[in-house]
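Survey of secondary and tertiary structure
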2 protein chains.
Amino acid sequence: MTAPRPLAGVRVLDLGQVYQGPYAGFLLAQAGADVVKVEPPRGEPLRRREARGGPPSFPLAFLNTNKRSATCDLKEEEGRDLLRRLAGAADVLIENFAPGVMDRLGVGWQALRELNPRLIYASGTAYGLSGPDSERLGMDITVQAWAGVMSITGEAGGRPLKAGPAFIDFLGGTHLYGGIVSALYERTRTGAGRLVEVAMQEAAYPTLLSQLGLMHHDGKLPGRAGNRHGRVSPYSVYPCRDGHVAVICITERHWRNLLRAMGREDLISDPRFRNNEARVAHRDETEALVAEWTTGLTRSEVDEAARSHRVPCAPVRDLAEVNADPHLRERGFLEAVDHPGLGEIRLPASAVRFDGRPSGPLEPIPALGENTEEVIREWLGAVPDDEGSDG
Amino acid sequence: MTAPRPLAGVRVLDLGQVYQGPYAGFLLAQAGADVVKVEPPRGEPLRRREARGGPPSFPLAFLNTNKRSATCDLKEEEGRDLLRRLAGAADVLIENFAPGVMDRLGVGWQALRELNPRLIYASGTAYGLSGPDSERLGMDITVQAWAGVMSITGEAGGRPLKAGPAFIDFLGGTHLYGGIVSALYERTRTGAGRLVEVAMQEAAYPTLLSQLGLMHHDGKLPGRAGNRHGRVSPYSVYPCRDGHVAVICITERHWRNLLRAMGREDLISDPRFRNNEARVAHRDETEALVAEWTTGLTRSEVDEAARSHRVPCAPVRDLAEVNADPHLRERGFLEAVDHPGLGEIRLPASAVRFDGRPSGPLEPIPALGENTEEVIREWLGAVPDDEGSDG
C-alpha cells in the first residue's frame with residue numbers, strides 16, 4: 001500500500017512481550033506507525049526458542065509484522081541509557097512487564113516523562129498498576145479464572161472450562177491501542193503525553209454482560225449453560241451429519257423463517273412456540289425440534305437453508321477451514337508470507353481497516369537486533385559508535 | 001472528574017445497537033467525547049423491553065453511560081434529513097447495521113462524506129463490508145462457530161462449546177474504538193475523514209494464536225483440550241475442596257517454586273519433571289501431582305501458597321465474587337450507580353485509564369430521546385421548531 005496511513009510518522013518503542021503488548025504494537029504498525037520492537041539481548045520469551053537454534057516462533061512472526069527489531073540490555077546502565085535516549089525521540093512506549101519493573105530499572109513513566117513530556121507511556125498488566133491485587137501474577141488462563149470467565153464456560157453441571165482462545169490478552173492489547181491513539185490525538189491539542197494503563201481483568205469484565213444482565217434480572221448466579229442462553233430459544237449448537245452448526249433466533253421473524261426452512265410451517269401458530277417467552281418456557285421441546293432437523297443434514301445443507309431464509313446460522317469450523325476461508329482471502333485479511341525459517345505461512349492483517357483496505361503488505365519480523373544501529377542513526381542522528389562518549 | 005479528558009470536544013453520533021457499536025461509543029464517551037446515542041423512535045433492540053413497560057435493560061444501562069439520547073426515524077425523510085444535518089456537525093458516526101443498510105437509506109459513508117469530508121464513519125459488522133460472506137447474518141455465537149473459536153473450546157473428546165462471554169462483540173467494539181481514534185489523529189494532519197471498518201470475524205482471528213502456533217508446529221489440527229495446553233505443563237484448572245483453581249508454570253522457576261509450595265522439593269531433580277518438555281512427555285503424572293495437592297485444600301489455601309511462592313495461580317470465581325471484588329472497587333473500576341428504574345447497580349468504568357484514573361463518574365443513560373432538542377440546538381444552532389422550514 002502506498003497511500004499514507006493514519007499513523008504515519010508516529011514513533012513507537014514496543015517493549016511488549018508475548019501477546020498483550022506486542023498486539024498493541026502490531027495494531028499501531030499496521031495503522032502505519034514506525035514501531036521498533038525492543039528486546040533484551042537474548043530476545044523476548046517468544047524469541048528464545050529461535051535463539052536456542054530452533055526455528056523462529058510462529059506467534060513471534062504473527063504478532064510482529066512490519067516492526068523493526070532493536071536490542072537493549074536494561075540490566076546494564078548502557079542499555080538503560082540507550083532506552084532513555086530513544087524514549088526522548090519517541091512518541092509512544094509500550095510495555096507489559098509486571099507493575100514496578102520499569103520503575104525499579106529507573107526507566108518507568110515518572111522518569112521518562114521528565115526526559116520527554118510528550119511521551120505516551122502505555123502499560124498493560126494483568127490486574128493494573130494499583131490496588132491490592134496489582135502484584136498478583138497473571139496470564140490469560142489465570143485471568144480467565146479470576147475474572148469470572150470460566151465460571152460461565154462449560155457444560156451445565158460440568159467443571160469450569162477456559163475459553164479456548166487467549167482472548168483476554170488480545171482484548172487487553174486492543175484497549176491499549178485505543179488508549180494510546182486517544183492520547184496521541186489529545187497531544188495534538190495539549191502537547192503533553194499521558195500514562196495509558198490497561199488491566200486485562202478490567203478489559204474482560206464487559207464481555208460478561210449477558211450473564212451480568214441475567215444475574216441482575218432474576219438475582220440468581222449464572223453458571224455454566226453449555227451452548228444455551230438463559231433467555232433466548234432457539235439458541236444453541238446443534239449436531240449435523242458431519243459436525244455442528246450454531247443457530248440463533250433473535251426476532252420472531254427469525255423463528256418463523258426457521259420453521260419455513262425446516263418445512264414446519266404447521267408450528268407457526270403453535271402456542272408452545274408463539275414467541276420467545278413461550279419457547280424459553282418450552283425450551284427442551286424447542287431445542288429438540290431444531291436438533292431433530294439438523295441431525296439428518298450436513299452442515300452445508302443446514303447453512304444453505306438458513307441463509308436462504310435469513311436465519312442467523314454458522315457451521316462450527318476447525319482452524320484448517322478458517323485458514324482456508326476464501327472470504328478472508330478475498331478481503332486480503334489473510335496473506336501468504338514466505339517467512340525466513342518458517343516457509344510459507346498465513347499471517348493476518350489488522351482487523352481495523354481504513355477505507356476498506358487491509359493493512360498489508362505484511363513484512364516479516366527482522367532478525368533479533370537487526371535494526372538497532374539503523375534506529376539509533378535515524379532517531380538520534382548519531383552513529384552507534386558515538387554511544388560511549390554521547391551517553 | 002474535572003480534568004480535561006483526551007477526547008473532550010469530539011462529537012460522536014452513535015447509531016450502535018446491542019453490543020459492538022455501543023461498546024465503541026462507550027469507550028469514546030469514557031475518554032471524554034460528546035457521544036449522542038441515536039435511536040429509532042421505539043428505541044434500539046435493548047431499549048424495547050423498557051418501551052413495552054418493563055424495567056430498563058441492564059445491558060442498555062451498562063453500555064451507554066455518559067451518552068446523551070436522541071431519536072431519529074431513518075424510515076422517514078425527515079429523520080434522514082436530521083441525521084444528515086447532525087452528521088454535518090459531527091466528527092464521528094458509528095453504526096453496526098448489516099452491510100448496505102445505511103447506503104440503501106441514503107445515509108451511508110459515500111453520501112455523508114460529501115456533506116462532511118471531515119466525518120469519520122465507523123462500521124462494525126460480523127463479516128465485513130466486502131467479500132462473499134458479507135451478507136451472512138452474524139451474532140456473537142454464530143461468529144464463535146464460524147471463526148474457529150468453538151472448535152477449540154470444550155472437553156477433549158466432547159462437543160464444541162461456546163466461550164461463555166460474548167467476547168467477539170467486545171473485541172469488535174474495541175478495535176472500532178482504536179480505528180476511530182486513529183482516524184481522528186490522522187485528521188489533525190490531513191483534515192480529511194475516513195471510513196473505518198471492523199469485521200468481528202477478523203477481530204477474533206488473532207485470539208486463536210496459541211492453537212495456530214501448535215498447528216504450524218506439528219501440522220496437526222488442534223482440537224478441544226479441556227483446560228490443558230498442548231505444550232505447557234502444569235497448565236490447567238485443578239479441583240479444590242471448595243471449587244477450582246487455575247495454575248500455570250511458564251518458567252522452570254515457577255515449577256521449582258510450585259514444588260516448594262507443595263512441599264515436594266524431593267522432586268526438583270526428578271528426571272520426569274526436569275523441564276517443561278519432560279513434564280509434557282509425562283503430562284498425566286505432572287497434572288495428577290498438582291491435582292493431588294490442590295484437592296485437599298481450599299481455593300484460598302492454594303492461592304496463598306502460590307502467591308507466597310510466586311507461582312501464577314488464581315481461584316475460579318463466580319460473577320458474584322467478581323462483582324464484590326475489593327480490588328476493582330479500590331481502583332474505582334466498578335462504581336455503584338443509583339439508576340432510574342434499576343436501583344443500585346454496579347457499572348464499569350472504561351478499561352482504558354489515563355494517568356491511572358478511572359473514567360468516572362458514570363452518568364446513567366437518559367430516557368429515550370431526552371436530549372434530541374438539546375443536541376439539535378447545540379450542534380445545529382437551530383431551535384427544533386425550525387425543522388420543517390430549515391430542512
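Provided above is the structure to which this section pertains.
Please read these numbers as outputs of a predicted model, since none were measured by experiment. (Residues numbered from 1 in each chain as written. Chains lettered and ligands numbered in written order. Predicted model: local features only at pLDDT ≥ 70, side-chain atom pairs only at ≥ 80, totals over all residues. Heavy atoms only, no water.)

1. Some remarks on the nonpolar core
Going by this rule: Take the buried residues of types Ala, Val, Leu, Ile, Met, Phe, Trp, Tyr and Cys, join any two whose side-chain atoms come within 4.5 Å, and each joined set is a nonpolar core. Working definition: with a 1.4 Å probe on protein chains only, accessible area under 20% of the residue-type maximum means buried, over 50% means exposed, and in between means partly exposed. Contact definition: two residues touch when any of their heavy atoms are within 4.5 Å.
Judged by nonpolar contacts, the single largest core of 156 residues is most densely connected at Leu28(A) and Leu28(B). Not counting residues up to four positions away in its chain, the partners in contact with Leu28(A) are Leu7(A), Val12(A), Ala33(A), Val35(A), Ile94(A), Tyr177(A), Ile180(A) and Val181(A).

2. A few points about the side chain of His254(B)
Test applied: Under the DSSP-based scheme used, a helix requires at least four consecutive residues in state H or I and a strand at least two consecutive residues in state E, with every element numbered from the N terminus.
Considering the arrangement of structural elements, one finds His254(B) in helix α11 (residues 252-261). Take His254(B): its relative accessible area is 11%, and that puts it in the buried class. When residues no more than four places from it in sequence are discounted, the contact partners of His254(B) are Met139(A), Ile248(B), Cys249(B), Arg310(B), Val311(B) and Pro312(B).

3. Quick word on the pairing of strand β1 (residues 11-14) of chain B
Walk down a regular strand and you will see the side chains alternate between the two sheet faces. Residue and element names in this part refer to chain B. Here is the rule we go by: Note on pairing: two strands pair once DSSP finds at least 2 bridges between them. Think of it like this: strands point away, you trace from the first strand over the helix to the second, and a clockwise trace means the crossover is right-handed.
Pairing geometry for β1 and strand β2 (residues 34-39), over 4 bridges, is parallel. Bridge pairing in β2 places Asp14 opposite Lys37. With helix α1 (residues 20-30) bridging β1 and the parallel β2, this β-α-β connection has right-handed handedness.

4. Focus: the pairing of strand β11 (residues 343-348) of chain B
Residues and elements named next belong to chain B. Two strands pair when backbone bridges link them, and strand β10 (residues 334-339) and β11 are joined in this way by 6 bridges, in the antiparallel orientation. Bridge pairing in β11 places Asp338 opposite Glu344. In textbook terms, the turn of a hairpin is the stretch between consecutive antiparallel strands, and for β10 and β11 this stretch comprises 3 residues, one of which, Gly341, has a positive phi near 85°.

5. Here we look at the environment of Phe333(B)
Mapped onto the secondary structure, Phe333(B) falls in the loop between α16 (326-330) and β10. Between the C-alpha atom of Phe333(B) and that of Thr286(B), which follows or precedes it by 47 residues, the distance is 38 Å. Contacts of Phe333(B), omitting those with residues within four sequence positions, involve Glu202(A), Tyr205(A), Leu328(B), Leu347(B), Pro348(B), Ala349(B), Ser350(B), Ala351(B) and Arg353(B).

6. Examining helix α10 (residues 209-218) of chain B
Taken across its 10 residues, α10(B) has 7 buried, putting it largely inside the fold. Those residues of α10(B) that sit buried are Leu209(B), Ser210(B), Gln211(B), Leu212(B), Gly213(B), Leu214(B) and Met215(B).

7. Section: the relation of the copies chain B and chain A
The criterion, for reference: Least squares is the method used to superpose the copies, on C-alpha atoms of residues holding a pLDDT of at least 70 in both.
Superposition record for chain B on chain A: RMSD 0.0 Å, screw rotation 180°, translation along axis 0.0 Å. Expressed as an axis order, the relation between the two copies is that of a two-fold axis. Ranked by how close their C-alpha atoms come to the rotation axis, the residues of chain B are headed by Gly178(B), at 1.9 Å. Of the residues that chain B buries at the interface, 100% are likewise interface residues in chain A, meaning the two copies contact each other through the same surface.

8. Comments concerning unusual backbone geometry
The step from Ser233(A) to Pro234(A) runs through a cis peptide bond, and the omega angle for that step is -5°. Secondary-structure assignment places Pro234(A) in the loop between α10 (209-218) and β7 (235-240). At Asn66(A), a residue that is not glycine, the phi angle is positive and equals roughly 60°. For Asn66(A), the position within the fold is in the loop between α3 (58-63) and β3 (67-71). Taking relative accessible area as the criterion, Asn66(A) reaches 24% and is therefore assigned partly exposed. The backbone of Arg310(B) shows a phi angle near 55°, a positive value even though the residue is not glycine. In this structure, Arg310(B) sits in the loop between α14 (299-308) and β9 (313-315). On the basis of relative accessible area, Arg310(B) is assigned to the partly exposed category, the value being 41%.

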